[in-house]
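Descriptive analysis of the structure
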Amino acid sequence: MTVNLSEQRPQVARPVAEPAVPMPVSAPVPALVRVRRLALEAAKFGVVGGSGVAVNFLVFNALLHGLAWAPMTATVLASVIAMGTNYLGFRFFAYRDRASRTRQQIMLFFVFSGIGVVMESVLFYAGYHGLGMNGPFGSNVAKALSIVLASAFRFLVYRTWVFQHEAKQGHGTR
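Everything in this summary refers to the structure shown in the same document. A quick note: this is a predicted structure, and the numbers were derived from the prediction, not measured.

1. Structural notes on the overall build of the protein
When you go through the protein residue by residue, the secondary structure sums to 4 helices and 0 strands. The secondary structure elements of the protein, listed N-terminal to C-terminal, are α-α-α-α. Within the protein, buried positions represent 32% of all 174 residues. If you take every contact in the protein between residues at least 6 apart in sequence, the share linking residues at least 24 apart comes to 71%. Just so you have it, the protein exposes about 11,700 Å², and 68% of that area is on carbon and sulfur atoms.

Dropping the structure here:
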């Protein structure tokens, strides 16, 4: 067996490695990723909101049915107390990955929460006085419906304006 050392081996075409191109910052996020993020955000909002609803109902029923306070006073005070507990839950659990606490964020939270309390109170008033839902069961149904409708508003404004992602905030808001 003889080996011819003068022959060259045929060259095999090798793929040329393309340089890694960093993805642009504004690359579109796949729809499934956005849906997952929104679902996780909604779940966290639900956990905090659920605990706020529990506080709201406990205080409401203690004031209205336990201490015989006026229905509107009971619903407003219960909503305000729940608003305070919700701020802590949203800031440190649901939206902790978002921008740090600022005066503007706190002000927006309490302004929008105040609007939510007004919405909730008007809806409760309509159910309690307008629809005659004024017994122990009926008042809780009216309270539940008012909370559900006001919570949809709160979810939208909290995620859009109060607890924004860093990228959405202007440099002057810090």
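2. Here we look at the side chain of Ser146
Checked against the element boundaries, Ser146 lands in helix α4 (residues 136-162). In this structure, Ser146 is in contact with Glu120, Leu123 and Phe124, ignoring residues within four places of it in sequence.

3. Some thoughts on the side chain of Ser121
In this structure, Ser121 sits in helix α3 (residues 103-130). Those residues in contact with Ser121 that sit more than four places away from it in its chain are Met72, Thr75 and Val76.

4. A short note on the layout of surface pockets
A probe matching the size of a water molecule, rolled over the atoms, marks out where space remains unfilled. Considered as a void within the structure, the second largest pocket measures approximately 190 Å³ in volume. Gly49, Val53, Asn86, Ser151 and Arg154 are, among the 18 residues lining the second largest pocket, the residues nearest its centre. Elements represented by at least two residues in the lining of the second largest pocket include exactly α1 (31-66), α2 (71-94), α3 and α4. Broken down by class, the residue content of the lining of the second largest pocket amounts to 9 nonpolar, 7 polar and 2 charged.

5. Description of unusual backbone geometry
The backbone of Ala68 shows a phi angle near 60 degrees, a positive value even though the residue is not glycine. Along the chain, Ala68 turns up in the loop between α1 and α2. Its relative accessible area of 63% is what places Ala68 among the exposed residues.

6. Examining the pattern of salt bridges
Note on pairing: side chains with opposite charge can pair once their charged atoms come close. Scanning the entire structure with this criterion turns up 2 salt bridges. Here Glu120 makes a salt bridge to Arg154, at a shortest N to O gap of 3.1 Å. Placement of the pair is Glu120 in helix α3 and Arg154 in helix α4, with a sequence separation of 34 residues. Exposure class is identical for Glu120 and Arg154. Each is buried. Because the salt bridges share partners, they merge into one network encompassing Glu120, Lys143 and Arg154.

Calculation notes
- Residues numbered from 1 in each chain as written.
- Predicted model: local features only at pLDDT ≥ 70, side-chain atom pairs only at ≥ 80, totals over all residues.
- Heavy atoms only, no water.
- Helix = DSSP H or I, 4+ residues; strand = E, 2+ residues; numbered from the N terminus.
- Buried < 20%, exposed > 50% of the residue type's maximum accessible area, 1.4 Å probe, protein only.
- Contact = heavy atoms within 4.5 Å.
- Areas by Shrake-Rupley, 256 points an atom, 1.4 Å probe, with all protein chains shown as cover.
- 1 Å grid on protein atoms, 1.4 Å probe; cavity = no way out; pocket = protein on both sides within 12 Å on 5 of 7 lines; lining within 4 Å.
- Points joined across faces, edges and corners; volume = space filled by probe spheres on them.
- Nonpolar A, V, L, I, M, F, W, Y, C, P; charged D, E, K, R; others polar.
- Salt bridge = Lys/Arg side-chain N within 4 Å of Asp/Glu carboxyl O.

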